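# Structure at a glance
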Amino acid sequence: MRKFLLLLAAIPLLISAQEKYTVNGYVKDAANGEALIGATVLIQELGTGNITNVYGFYSITLPPGNYTIEFRYLGFVTQAKDISLSQNMRVDVELGEEQTQLQEVVVTARAEDENVTSTEMSVAEIDIQTVRKMPAILGEVDIIKSLQLLPGVSSVGEGASGFNVRGGSVGQNLILLDEAPVYNSSHLLGFFSVFNPDAVKDMKLYKGAIPAQFGGRLASILDIRMKEGNNKELEVNGGIGTVFSRIAVEAPIKKEKSSFIIAARRSYADILARPFVEELRNGAALNFYDLTLKTNYEFSDKNQIFLSGYFGQDNFKFDAQQGFSWGNRTATVRWNHLFNDRLFSNFTFFFSDYEYNLEFGDTSRDKFKWNSDINTLALKPQFTYFIDQRNELTFGGEVFSYTFEPARATGVSDGDVIDLSLPDRKAIESAVYINNDQKINDKLSLQYGLRFSYFALIGEGNKFILGDTIPGRRRPIEDIIEVDKGETIATHHGWEPRLSLRYQINRSTSVKASYNRMLQYIHLISNTTASNPLDVWTPSSNNLKPQVGQQWAMGLFKNLNNNKYETSVEFYYRETDRQLEYINGADLLINEALEADLLAGIGRAYGMELYVKKLTGRLNGWVSYTLGRTELQTTGINQGDWYPTRYDQTHNFKVTAFYEFNDRWSISSTFSYLSGTPTTFPTHRYEVQGITIPHNSNDSRNNVRLPDYHRLDFSVTKKGRAIRKDGSPRKNRDELVFTVYNIYNRANPFSIYFWQGQDRVDAGALADTRATQVSIFASFIPSITYNFKF
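Everything quoted here is computed from the prediction, not taken from an experiment.

The rules we used
- Residues numbered from 1 in each chain as written.
- Predicted model: local features only at pLDDT ≥ 70, side-chain atom pairs only at ≥ 80, totals over all residues.
- Heavy atoms only, no water.
- Pairing = 2+ DSSP bridges.
- Helix = DSSP H or I, 4+ residues; strand = E, 2+ residues; numbered from the N terminus.
- pLDDT = per-residue confidence, 0-100.
- Contact = heavy atoms within 4.5 Å.
- Core = buried A, V, L, I, M, F, W, Y, C linked by side-chain atoms within 4.5 Å.
- Buried < 20%, exposed > 50% of the residue type's maximum accessible area, 1.4 Å probe, protein only.
- Axes fitted to C-alpha atoms, helices over the stretch in contact; angles between N-to-C directions.
- Salt bridge = Lys/Arg side-chain N within 4 Å of Asp/Glu carboxyl O.
- 1 Å grid on protein atoms, 1.4 Å probe; cavity = no way out; pocket = protein on both sides within 12 Å on 5 of 7 lines; lining within 4 Å.
- Points joined across faces, edges and corners; volume = space filled by probe spheres on them.

### A look at the sheet that holds strand β9 (residues 123-125)
Spatially, 5 strands are ordered β9-β16-β17-β12-β13 in an open sheet, and the strand pairing comes out mixed. Whereas interior strands pair on both sides, the edge strands pair on one side only; in this sheet they are β9 and β13 (180-181).

### Here's the deal with the confidence of the model for the protein chain
Looking at the protein chain as a whole, the pLDDT averages 89, with 94% of positions reaching at least 70. Predicted confidence is poor over residues 1-17, with pLDDT under 50, and the contacts of this stretch with residues over four places away or in other chains come to 0 contacts. Taken as a whole, residues 100-109 scores under 50 in pLDDT and shows 36 contacts with residues more than four places along the chain or in a different chain.

### Remarks on the nonpolar core
Counting 44 residues, the largest nonpolar core has Trp370, Tyr402, Ile522 and Ile525 as its most contacted members. At 5 residues, strand β26 (residues 391-413) tops the list of elements feeding residues into this core. For isoleucine 522, the contacting residues outside a window of four places in its chain are Tyr183, Arg217, Ile374, Tyr402, Phe404, Phe455, Trp537, Thr538 and Pro539. Within the second largest apolar cluster, 29 residues are counted, among which are Leu149, Val165, Met226 and Tyr310.

### A short note on the sheet that holds strand β2 (residues 40-43)
Read from one edge to the other, the open sheet built from 4 strands follows the order β3-β2-β5-β6, with strand pairing classed as antiparallel. Strand pairing shows two members of the sheet lacking a second neighbour, β3 (48-51) and β6 (79-85), which therefore form its edges. Strand-to-strand, the axes of this sheet are offset by a mean angle of 25°, without reference to chain direction. When β2 meets β3, the two strands line up antiparallel, connected through 4 bridges. The residue bridging threonine 40 from the neighbouring strand is isoleucine 51, located in β3.

### Digging into the pattern of salt bridges
With the rule as written, the count across this model stands at 44 salt bridges. Residues lysine 294 and aspartate 178 are paired through a salt bridge, measuring 3.2 Å at the closest nitrogen-oxygen approach. In this pair, lysine 294 sits in strand β21 (residues 285-300) while aspartate 178 sits in the loop between β12 (173-177) and β13, placing the two residues 116 residues apart along the sequence. Of the two residues, lysine 294 and aspartate 178, both sit in the buried class. The salt bridge involving glutamate 581 is made with arginine 701; its shortest N-O contact spans 2.9 Å. One end of the pair, glutamate 581, is in strand β37 (residues 565-582); the other, arginine 701, is in the loop between β45 (691-695) and β46 (704-705), and 120 residues separate them in sequence.

### Considering empty space enclosed by the protein
A full pass over the atoms with the stated rule returns 15 cavities of 30 Å³ or more. Volume-wise, the largest cavity comes out at about 500 Å³. Lining the largest cavity we find 37 residues, and of these Lys145, Gln148, Tyr709, Arg711 and Tyr741 sit closest to its centre. The set of elements that each furnish at least two residues to the lining of the largest cavity consists of α4 (143-147), β42 (665-674) and β47 (709-719).

Structure follows, in structure tokens:
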């Protein structure tokens, strides 16, 4: 008993001896007050530290003592602060940009050795300033197109909406704008993305090793963060280009406490061409516009609120009565709250809506009109607990409410109105997760997490009971059960484990590995060559099960010449269960029994990604190469054998280069070479009374490949003078960008189709049939853009 009392008496002394304190704060840009994401906070005496989160916040717990804290961000002046840690401390820092170094191009503004020292792998990042310097079609900067210059990211061709990641389909990518999902990321049928570069602060693409806080898609997560707005002074950015113009205005509402940004774009090619094109004068249109807004207010050191929104619309009208249109709308409210020095929280509520319309018919007595929509509301609480300098725990949950409106459609035939509308469908998706980023020792670090997700399709609506049939054929409807409002039609759930590890071989070399399992409960229905605005999103049901994906990856990461060069090689293997496929002749539009035309297959994708990047000097850039294969196996298709997907590409080789002549003149160039993508051709044909009927005798799918794709782009940038003739600095900045897209006139194939001549065929003669290649751009395209900032 005496020993026990002595032990109790000693406990306070032990606690006091082990007592630790926390230093935390925000790291921001001194010029505009923007939070710096991924800035390094290093404790010099210990050689360890932390990085700032997406809000620029950091927290480090240490024993009492004197320390020097170093704050680093690539392209900014490093700051060091001496502190005497005897209690919890708040240390906020603003970093200024380096003014003397030659302008450099980097893939992400992060620590120079983060490629090697971070646990993250299979992540693609490009700094927005780098994106601005790349050659782009018609001179207009595009975030989505820039990501396709990195390994593992591709598309099926020019003018294709969306992108493919490591063998995943377009619908298997989750695109987030300030945490709200964007269901169609393209303007003008895929030529431009919906994201205004003047309003974007940061973007990160997770190709694998996806943290537990993300879910809902199998292939990738693209996390795009908008600027908060300059809280120091008024700033105006913009550009006047060949196709559209843009402008962004940002300014403080209350200096260093609150700010806003408003960014807008509008295309005007149809306006300029209207005097010369009769169809445009008669109501035809081809344009898009978008508006991006954000504001924030810092109530105290512990509370800050953010409001952001996006509205975009595309119009493609053949005349005043016919055409189609589509658009995204999002709104996000986020509240950052610091419970204590170690517990950071963010509460997010968002709304997202994607709507598309189709209308044709010359008169009011004969016409067709169709409207479809997917609407999402969600609440997402997330907490980060900085346990100590070796453990960072993230946990939280999310609840989504979906409303699917597949068709509000009417047809009018000779004045008779026919209602073709389909009933709405509603669903709830929820998840809880926990994730820990742990540094075991100086060589080994882990990131591990677990996510549990749940999905329910709820009434009112019809529950279809489908029967069995010959594989590859439409399944018969055996029964239809009416489900009342609020009742459950089907539920699904599953565990989603995540694991990443990094082993540091030496200061410049590390080995990394990862595994993740993902579930996808909503599905993009599209069997066209490329995704288009009229594709349908549909929920999982009693017949349509959620897709399940698993991915394994391993890589070697090495920096050379004192971090001047970054290199990596990654190997990946993905497998997908219940991947969507379609019966031949599937009826996908305005079909309440759509599930009867869908098939569930097994998918696999595997490959190697090589990446070499030069960070500094007048000449810099990167080279990426992906060797990959993506295949499907579906009962009833291709005789049950494996076949390549439409977006399979064996070789994907990209070169991106930048050269700075001086502080005013620079050039950039990109070269792309991609293997041709698969497509399905008939194997035989029949001649019946002079009419050719194509036939695929062995039911093969994607049995041939299009010719290879390659293209060279080039741009020259001339900046305005930074110094006036009298030697005083010039506050305003401007530049001219001259771009040539597809320099050597390559007619890259998008698709190949077959057709028969109109002339009557004599008895016994063969019909005149031809194969025609469709190329989106068959010649070079010059452009000029004027950008300004003041």
